[in-house]
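# Examination of the molecular architecture
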Amino acid sequence: MTERDAGRILAHPETAEIRLEGVLHALSDPVRLSIVLDLAASAADLACSYFDLPVTKSTTTHHFRVLRESGVVRQTYRGTTKLNALRRDDLEALFPGLLDSVLTAAAAESARLSPDKT
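For clarity, every value in this text was computed on a predicted model and none was experimentally measured.

In this section: helix H4 (residues 57–70). In a regular helix each residue adds 1.5 Å, so 14 residues correspond to 20 Å; H4 covers 20 Å between its end C-alpha atoms and thus fits that length. Lining the buried residues of H4 we find helix H2 (20–27), helix H3 (30–41), strand S2 (73–78) and strand S3 (81–86). Phi turns positive one or two residues past the end of H4, at glycine 71, with a value near 95°.

Here we take up the environment of phenylalanine 51. Position of phenylalanine 51 among the secondary structure elements: in the loop between strand S1 (46–47) and H4. A sequence separation of 10 residues divides phenylalanine 51 from alanine 41, and the C-alpha atoms of the two residues are 13 Å apart. The residues touching phenylalanine 51, leaving out its near neighbours within four places in the chain, are Ile35, Asp38, Leu39, Leu46, Phe64 and Asn84.

Attention now moves to the nonpolar core. Across soluble globular proteins, nonpolar side chains have a tendency to be buried as a group. Membership of the largest hydrophobic core comes to 24 residues, with the highest contact counts inside it found for Ile35, Val36 and Val72. Elements represented by at least two residues in this core include exactly H2, H3, H4 and helix H6 (98–113). Per-element tally for this core: the top contributor is H3, with 5 residues. The residues contacting valine 72, other than those within four sequence positions of it, are Val23, Ala26, Leu27, Val36, Leu67, Ala85, Leu86, Arg87 and Leu91.

Rules and cut-offs
- Residues numbered from 1 in each chain as written.
- Predicted model: local features only at pLDDT ≥ 70, side-chain atom pairs only at ≥ 80, totals over all residues.
- Heavy atoms only, no water.
- Helix = DSSP H or I, 4+ residues; strand = E, 2+ residues; numbered from the N terminus.
- Expected span 1.5 Å × (residues − 1).
- Contact = heavy atoms within 4.5 Å.
- Core = buried A, V, L, I, M, F, W, Y, C linked by side-chain atoms within 4.5 Å.
- Buried < 20%, exposed > 50% of the residue type's maximum accessible area, 1.4 Å probe, protein only.

Here it is as C-alpha cells:
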C-alpha cells in the first residue's frame, strides 16, 4: 500500500462492535435495502457507480456511509473506485439467520407488490 492509499482507508466497526439496532436501522431504508439486495446477489465486490439509485450523489454517499458504519458493508478503495462488499460472515456470526431472513422477506414483498402480479 502506498502512502497515498493509506489516507484512503475507511473506518469500519470491528465485528464485536456491530450492534443489532444499527444493522436494523441500516436495513430499514428502501434505498439501502436495495443496495444490500444487489450486493447479496453478486459474487463480486461492486463499485458505488454500479448502483442506479433514485437519489442524488450526496445522498448516495450518505446511504453507503450508514451501511458501512453499521457494519453491513465493507468499503475499500481500488485506485479511485470505492468497492462495496456485504459483511455476510460477520453478520451471520453475530445475528444468525438475520440477513437471510431480511433478504427473503424483501424478495417476497417485492413479488407481492409487483405491478405484474396477476
